[in-house]
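The residues making up each chain are set out below.
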Amino acid sequence: MLQALGNFLHDNKFKWGQQIRCFNRIYINKDGVIDYFLFNFKPGEINPEKEQAFEKLLSEFIKNYRFPLTNTKDFAQCSPVQYTDKQ
C-alpha cells in the first residue's frame, strides 16, 4: 500500500526532497477500504505547506485505494515509515 501511495504522490508531482520519517496508523474496514489514515511527522521534519500538500493527496489516494486483504472484522495497521522520492 505504501508503495502505491508513493507512486500516487510521484504521479501528482509531490516531492519529499529528502528521506522523511513518519508514524502511520491506518484503520481499514473488513472489506479493505481505508476508513482513517493517521500520520504524525517528527516535529520540524517537514514544513507545514508540504504537510498540507501530503494530507490533500493522501485524502485523494484513500478514496480509491482498496487494501488487498480482507478480514471478518475491521482492522488497523501502525508502523514507523520512511518516505522518500521515487527514483
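Here, the structure is the one placed above.
We now turn to the structure provided with this report. Small disclaimer: the values here were computed from a predicted structure and weren't measured.

Located in the positive-phi region is K13, a residue other than glycine, with phi close to 65°. Position of K13 relative to the elements: it lies in the loop between α1 (2-11) and β1 (20-28).

Attention now moves to the side chain of N29. Among the secondary structure elements, N29 is positioned in the loop between β1 and β2 (34-41). Accessibility expressed as a relative area gives 15% for N29, which makes it buried. Engagement of the side chain of N29 in a polar contact is seen with the backbone nitrogen of D31, the distance being 2.8 Å. Excluding residues that lie within four positions of it along the chain, N29 makes contacts with D35, D74 and F75.

Rules used throughout
Residues numbered from 1 in each chain as written. Predicted model: local features only at pLDDT ≥ 70, side-chain atom pairs only at ≥ 80, totals over all residues. Heavy atoms only, no water. Helix = DSSP H or I, 4+ residues; strand = E, 2+ residues; numbered from the N terminus. Buried < 20%, exposed > 50% of the residue type's maximum accessible area, 1.4 Å probe, protein only. Polar contact = N/O pair within 3.5 Å; in protein donor to acceptor, adjacent residues only side chain to side chain. Contact = heavy atoms within 4.5 Å.

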